[in-house]
Amino acid sequence: MHRADRLGRELGFEPGALFIKRDDLTAFGVGGNKARKLDHLCTEAIERGCDTLVTGGAAQSNHVRMTAAVAAMLGLGCVVVLGGREAEAPEGNLLLDRVFGARTVFTAATYSDELEGAILEEAERLRGAGHVPYPIPLGGSSPIGARGYVDAAREIEDETAGDPVVYTACGSGGTHAGLVAGLGDHSRVVGVDVGAVRRVGDKVTALARETAAASGLMEPRGEVRVAGGQVGAGYGAPTEAAREAILLTARREGIVLDPVYSAKAMAGLIADRRAGRLAADQPTVFVHTGGLPALFTSRYRGWLSGDGASPGS
Ligand SMILES: Cc1ncc(COP(=O)(O)O)c(C=O)c1O
C-alpha cells in the first residue's frame, strides 16, 4: 500500500487520503491483479489433479500471460485460446505467453461468449488426448477466482483507516466483485468500466453475490457502482484522460499505469475528484491492477511519446 501524497496534492486531496494498492507488483509473471485470482483457481486445479491450464482472451490479455507464467511456475501445461489472427512479430503479452512456454491457439471468435466456448472446446480436445485440463474462464472471473479480491479487501481494511472508497478498473468484473464481496457493501467500490464486456454492472452484481456466498460471507449491501465515461472509442482505445493519468501518476509518484485498464481507472478517479464526487478528505484506495506489457506494444508507441506538452512536466 503506497501513500500517494504528491499525486493526492495535485488532485486536491488532503495529505494521507489517497493510497495506491500495488497489485501490479505481485511476485511472478510481471505482476498484476490476476495473481490473486490464479492463487485460488490453481489451488483447485491441483486439488483436482489437473495437468494443464486452459484459458483465453485477446492477444494482449494480461490474464492469459499470468496464467502462462503460473503454469510454468507450478509445472503444469498451458494452452491459451486467443481471439484474432496470429501476429507476424509477437509483442507485449503475446510475446511473454511464448516466453513462458504456453501453446497458443488462434480462433476467429471475438465475443466473450464465443471465446468461453472455444476454451471449453480446447479443454475437451485435451481430455480426448489423455490430459486432465483445468479450464479457466476469461479474466479468471469466477466466484473462485474473485475470492482473490476478498483477500485483497481484508488487506485494504488492515492497511488503511476510515472505511476507504476503493477504485479499480472493471474489465471482466471479478476484481470489482471480489472487493465488494470482501467489503460487504457496493458503496465502498467504484469500478471504472474499460469496455471489455457489455453491461458489466449486471455481471458484477451477480458475481459479487456468488463470491460472497462461496466465501461464507453475507450478501453485499447496496447498488453496484460502475463509472462509465472513460472507455473512449472502445476497449483499449487511447484517450486523452488516460494519457493524462499515466503522465501525472508517473511524474508525481514514479508509478507506471497501463493504457488499457489502470490508466482509465485512474482517469475515472481523477474525474470524480475534480467534479467533487470524491471529497478532499475521503480516504481513497486506487488498486493498481498491473498490465504494464501493453504499454510497450506498437499501438501506444506514438500516443505516449507524442507532443511533449504534457501535464506535470
Ligand atoms: C491489468 C488489468 N487490470 C484490470 C483488469 C480488470 O480486472 P477484471 O477482469 O477482474 O475486471 C484486467 C483484466 O481484465 C487487467 O488485465
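Note that the structure is a prediction, hence the values are computed from the model and not measured.

Student: Any chance you could break down the side chain of Thr-107 for me, citing the residues and the numbers?
Tutor: One can find Thr-107 in strand E5 (residues 103-107). Apart from residues lying up to four places away in sequence, Thr-107 is in contact with Val-81, Leu-82, Gly-83, Gly-84, Leu-115 and Ala-118.

Student: Give a description of the packing of aromatic side chains that names residues and reports values.
Tutor: Scanning the entire structure with this criterion turns up two aromatic pairs. Ring geometry for Tyr-235 against Tyr-261: centres 6.0 Å apart, planes inclined by 70 degrees, an arrangement best described as edge-to-face. Placement of the pair is Tyr-235 in the loop between strand E9 (226-227) and helix H9 (240-253) and Tyr-261 in the loop between H9 and helix H10 (262-274), with a sequence separation of 26 residues. Under the relative-accessibility criterion, Tyr-235 is labelled partly exposed at 33%.

Student: Give a detailed account of the site of the ligand, specifying residues and quantitative values.
Tutor: Within the structure, the ligand sits among 16 residues, and Lys-37, Gly-171, Ser-172, Thr-175 and Thr-289 are positioned closest to it. At 2.5 Å from an oxygen atom of the ligand is found a side-chain nitrogen or oxygen belonging to Ser-172. In this structure, Gly-174 approaches the ligand through a main-chain N or O atom, which is 3.2 Å from an oxygen atom. In the complex, 97% of the free accessible area of the ligand, which totals 380 Å², lies under the protein chains. Only helix H2 (34-47), strand E7 (165-170) and helix H7 (174-183) provide two or more residues apiece to the shell around the ligand. Tallied by class, residues from the shell around the ligand come to three nonpolar, 11 polar and two charged. Structurally, the shell around the ligand is a two-domain feature, drawing no fewer than three residues from each of domain 1 (2-30 + 142-305) and domain 2 (34-140).

Conventions used here
Residues numbered from 1 in each chain as written. Predicted model: local features only at pLDDT ≥ 70, side-chain atom pairs only at ≥ 80, totals over all residues. Heavy atoms only, no water. Helix = DSSP H or I, 4+ residues; strand = E, 2+ residues; numbered from the N terminus. Contact = heavy atoms within 4.5 Å. Phe/Tyr/Trp six-rings, centres within 6.5 Å; stacked < 30°, edge-to-face > 60°. Buried < 20%, exposed > 50% of the residue type's maximum accessible area, 1.4 Å probe, protein only. Near = heavy atom within 4 Å. Polar contact = N/O pair within 3.5 Å; in protein donor to acceptor, adjacent residues only side chain to side chain. Areas by Shrake-Rupley, 256 points an atom, 1.4 Å probe, with all protein chains shown as cover. Nonpolar A, V, L, I, M, F, W, Y, C, P; charged D, E, K, R; others polar. Domains from an automatic or database assignment.

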